[in-house]
Amino acid sequence: MAEVKIKLFANLREKAGASELQLSGKKVIDILLSLTERYPELKHLIFEKPEGESEVPVMCGSINVLINGNNVRHLDGLDTLLSDGDELAVLPPVSGG
């Protein structure tokens, strides 16, 4: 398992009461599930409600998760493998002008 630095931004940081933390996981999904276990109030901000009887979590379309600056949607999504020292940033949608 990889030790990963997690950075939370905006309302995610406010809900968790922390801007950075360390978690361990093999894949992005492992880290996000650990994060939402530790901070249950983040679950509805990061994951959509599964459709039907599916237990497989689906990341909200408006959330961005970056590994070392690369969006996981352009990699292997939630199945993207992690390495020790990776930095995972979780960003909510941004609006304004």
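If you're wondering where the values come from, they're calculated on a predicted model, not measured in any experiment. Residue positions are given per chain, counted from 1 along the sequence in the order it is written. Predicted model: local features are reported for residues with pLDDT of at least 70 only, side-chain atom pairs are reported and counted for 80 or more only, and whole-chain, interface and lining totals are derived from all residues. Processing note: side-chain calculations cover all non-hydrogen atoms of the structure and skip hydrogens and water entirely.

Could you give an account of the overall build of the protein, with specific residues and numbers?
The secondary structure content of the protein amounts to three helices and seven strands. The secondary structure listing takes helices from DSSP runs of H or I that are at least 4 residues long and strands from runs of E that are at least 2 residues long, numbered from the N terminus. Taken from the N to the C terminus, the helices and strands of the protein come in the order β-α-β-α-α-β-β-β-β-β. For 97 residues, the compact-globule formula gives about 13 Å, and the C-alpha radius of gyration of the protein, at 13 Å, lands near that figure. Only protein chains enter the accessibility calculation, which uses a 1.4 Å probe. A residue is then buried if its area is under 20% of the maximum for its type, exposed if over 50%, and partly exposed in between. Within the protein, the fraction of its 97 residues that count as buried is 38%. Should any heavy atoms of two residues lie within 4.5 Å, those residues are considered in contact. Long-range contacts, defined here as pairs at least 24 residues apart, represent 50% of the contacts in the protein between residues at least 6 apart. Element-wise, carbon and sulfur atoms account for 48% of the exposed surface of the protein, whose accessible area totals about 5900 Å². For this measure, only C-alpha atoms enter the radius of gyration; the expected value for a globule follows 2.2 Å times N^0.38, where N is the number of residues. Only the protein chains shown count as covering a residue, and every accessible area follows the Shrake-Rupley method with a 1.4 Å probe.

Residue-level account of the sheet that holds strand E2 (residues 20–25), with values.
In this scheme, strands are said to pair when DSSP sees at least two bridges between them. The strand order across the open sheet formed by five strands is E2-E1-E7-E5-E6, and the pairing between neighbours is mixed. Looking along the sheet, the strands with just one partner apiece sit at the ends: E2 and strand E6 (70–71). Across four bridges, strand E1 (residues 2–8) lies against strand E7 (residues 87–91) in parallel orientation. Within E7, the residue paired with Lys-7 across the bridge is Ala-89.

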